[in-house]
Amino acid sequence: MTTTDADPSTTDAPGFSETVPCEPESARRARLLVCAALDTWDIGELAESGALIVSELISNAVSHTRCRVIRVVVQRETAEVIRIGVADKGRGTPEPGWPDDRSEGGRGLLLVQSLSWRWGYDLHHRGKLVWAELRL
């Protein structure tokens with residue numbers, strides 16, 4: 001998909017994407033991108049879930065890869081399905097954690113799973129895209 005930063009694309013699946021530094025502070029910028037996309041498509045009611053999902057995906061990319069930059073993608077797959085993804089150069093496959101009550105981390109993908117209709121990842125020759133879908 002070819003898009004410009006924060007502009008709707010002209011591909012079959014309209015979308016927004018932006019490359020951000022692989023650092024925790026990028027979660028804020030990613031949340032703004034998700035909210036802008038959802039507002040543009042007149043489905044701002046999904047903004048809270050979308051913002052939480054992208055924050056967790058950014059956090060996982062920062063914590064589990066040695067990347068310099070990551071790509072945030074928000075696509076309208078169909079009239080009812082929105083896909084939020086984070087692409088990085090890591091090859092590790094994401095797995096939900098099973099933390100105990102005392103653990104400080106390990107709940108990110110469990111949260112993504114509970115907020116989304118479905119989630120997954122696509123491996124590519126240069127890394128992976130971890131995505132979650134929201135359904136209207």
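Quick note: structure is the one above.
Reading the values: rules and limits
- Residues numbered from 1 in each chain as written.
- Predicted model: local features only at pLDDT ≥ 70, side-chain atom pairs only at ≥ 80, totals over all residues.
- Heavy atoms only, no water.
- Buried < 20%, exposed > 50% of the residue type's maximum accessible area, 1.4 Å probe, protein only.
- Helix = DSSP H or I, 4+ residues; strand = E, 2+ residues; numbered from the N terminus.
- Arc of directions from axis to C-beta.
- Contact = heavy atoms within 4.5 Å.
- Phe/Tyr/Trp six-rings, centres within 6.5 Å; stacked < 30°, edge-to-face > 60°.
- Lys NZ or Arg CZ within 6 Å of the ring centre and 35° of its normal.

Chemist: Hey, could you run me through helix 3 (residues 108-115) in this one?
Modeler: The α-helix winds at 3.6 residues per turn, so residues separated by three or four positions along the chain end up facing the same way. What helix 3 keeps buried is the set Gly108, Leu109 and Val112. Down the axis of helix 3, the buried side of the element spans an arc of 90°, and every buried residue falls inside it. Next to the buried residues of helix 3 lie helix 2 (47-64), strand 4 (118-124) and strand 5 (127-135).

Chemist: How should I be thinking about the packing of aromatic side chains in this particular structure?
Modeler: Two aromatic rings, taken as a pair, are described by how far apart their centres are and by the angle between their planes. What the rule picks out here adds up to 1 aromatic pair. Ring centres of Phe16 and Trp41 lie 5.4 Å apart, and the angle between their planes is 75°; this geometry places the pair in the edge-to-face category. With a gap of 25 residues between them, Phe16 in strand 1 (residues 15-21) and Trp41 in the loop between helix 1 (26-40) and helix 2 connect regions that are remote in the sequence. Across from the ring centre of Trp131, 3.7 Å away, lies the NZ or CZ of Arg83, which sits over that ring. For Arg135, the ring lying beneath its charged end belongs to Trp117, and the centroid distance is 4.6 Å.

In short, the description is geometric, and any link to function would need to be established separately.
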